[in-house]
Amino acid sequence: MRDLHDHLKTRYRLGDLAERRGNLAFVDVERADLRALLVELRDVHGFTHLSLLTAVDWIEEGRFQLTYLMNNRAANRTLGLRVFLDRADPVGDTIHDLWPTAATYQRELREMFGIAFPGSPRVDEEFILEGWTDMPPYRRDFDTLAYSQQTFSDREGRETHDPRSHMAKKLYPEGQR
């Protein structure tokens, strides 16, 4: 992948190549270069399959990371492109016209993280969280405990067990070891 990275960085603003194994690597990309890079990877370098589009909330840094996982099946190579968005106003670029399946990923990211993808089909329609009115639940500042306590009533009779001691008792009854 180093050869591909060296070739591409002459034309695009790319970060260092982070190789995870021989056929998997990640690279940071400037948002302005993303679309042209995706098209070149697909049309010239054989990365024809968009395997995944996902997000990470880097709340401490005030940004979201979008990761586009591209696969070249013929060469058995996977490249992840990472683009960073401002968390205060997260707007990504739609790529549904390059890979129609991206529209589904973009709808999910809009609903779960609050990342906008203007122009993506049906991106503002309810998708998974029908009737949801709270902040997007995959944001790290979403308080799941508070939401649960406010939304659901407490049920008596439930016990919480420390997993380690509970499983030790289940696996080794009466102190057997």
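The following paragraphs examine the structure supplied in this document. These numbers come from a predicted model, not from an experiment. (Residues numbered from 1 in each chain as written. Predicted model: local features only at pLDDT ≥ 70, side-chain atom pairs only at ≥ 80, totals over all residues. Heavy atoms only, no water.)

Quick word on the overall build of the protein chain
In terms of helices and strands, the protein chain carries five helices and five strands. Secondary structure elements of the protein chain occur, N-terminal to C-terminal, as α-β-β-α-β-β-β-α-α-α. Here the protein chain has a C-alpha radius of gyration of 21 Å; the compact-globule value for 177 residues is 16 Å, and the former is much larger. With the C-alpha coordinates of the protein chain rotated into their principal frame, the extents come out at 65 × 45 × 30 Å. Counting over 177 residues, the protein chain shows a buried share of 37%. Taking contacts inside the protein chain between residues at least 6 apart in sequence as the whole, the part at least 24 apart equals 51%. Of the roughly 11200 Å² of accessible surface on the protein chain, a fraction of 48% belongs to carbon and sulfur atoms. Treating the 25 positive side-chain charges of the protein chain as one cloud and the 30 negative ones as another, the clouds have centres 6 Å apart. (Helix = DSSP H or I, 4+ residues; strand = E, 2+ residues; numbered from the N terminus. Rg over C-alpha atoms; globule rule 2.2 N^0.38 Å. Buried < 20%, exposed > 50% of the residue type's maximum accessible area, 1.4 Å probe, protein only. Contact = heavy atoms within 4.5 Å. Areas by Shrake-Rupley, 256 points an atom, 1.4 Å probe, with all protein chains shown as cover. Lys, Arg positive; Asp, Glu negative; His and termini not counted. Charge placed at Lys NZ, Arg CZ, Asp CG, Glu CD.)

Quick look at the sheet that holds strand E5 (residues 77-86)
Spatially, the five strands line up as an open sheet ordered E1-E2-E5-E4-E3, and their pairing is mixed. Because the sheet does not close on itself, it has two edges, and the strands there are strand E1 (18-21) and strand E3 (49-58). Going across the sheet, the axis of each strand differs from the next one's by a mean of 20°, ignoring polarity. Sheet analysis places strand E4 (residues 63-72) next to E5, joined by ten bridges and oriented antiparallel. Looking across to E5, one finds that Asn71 is bridged to Thr78. The sheet contacts of helix H2 (residues 31-43) involve E4 and E5, and relative to E5 the element is tilted by about 160°. (Pairing = 2+ DSSP bridges. Axes fitted to C-alpha atoms, helices over the stretch in contact; angles between N-to-C directions.)

Here we look at the side chain of Arg82
For Arg82, the location among the structural elements is in strand E5. When its relative accessible area of 16% is taken as the criterion, Arg82 is described as buried. Not counting the four nearest positions on each side in its chain, Arg82 is found in contact with Ala18, Arg20, Phe26, Val27, Asp28, Val29, Gln65, Leu66 and Thr67.

A look at the packing of aromatic side chains
As enumerated under the stated definition, the model contains six aromatic pairs in all. With centroids separated by 5.8 Å and ring planes inclined at 80°, the aromatic side chains of Phe64 and Phe113 adopt a geometry described as edge-to-face. One end of the pair, Phe64, is in strand E4; the other, Phe113, is in helix H3 (residues 102-113), with 49 residues separating them in the sequence. Assigned by exposure class, Phe64 and Phe113 land together as buried. With a centroid separation of 4.9 Å and an interplanar angle of 35°, the aromatic rings of Trp132 and Tyr147 are classed as tilted. With a gap of 15 residues between them, Trp132 in the loop between H3 and helix H4 (144-151) and Tyr147 in helix H4 connect regions that are remote in the sequence. (Phe/Tyr/Trp six-rings, centres within 6.5 Å; stacked < 30°, edge-to-face > 60°.)

By themselves, these are just geometric observations and shouldn't be taken as functional.
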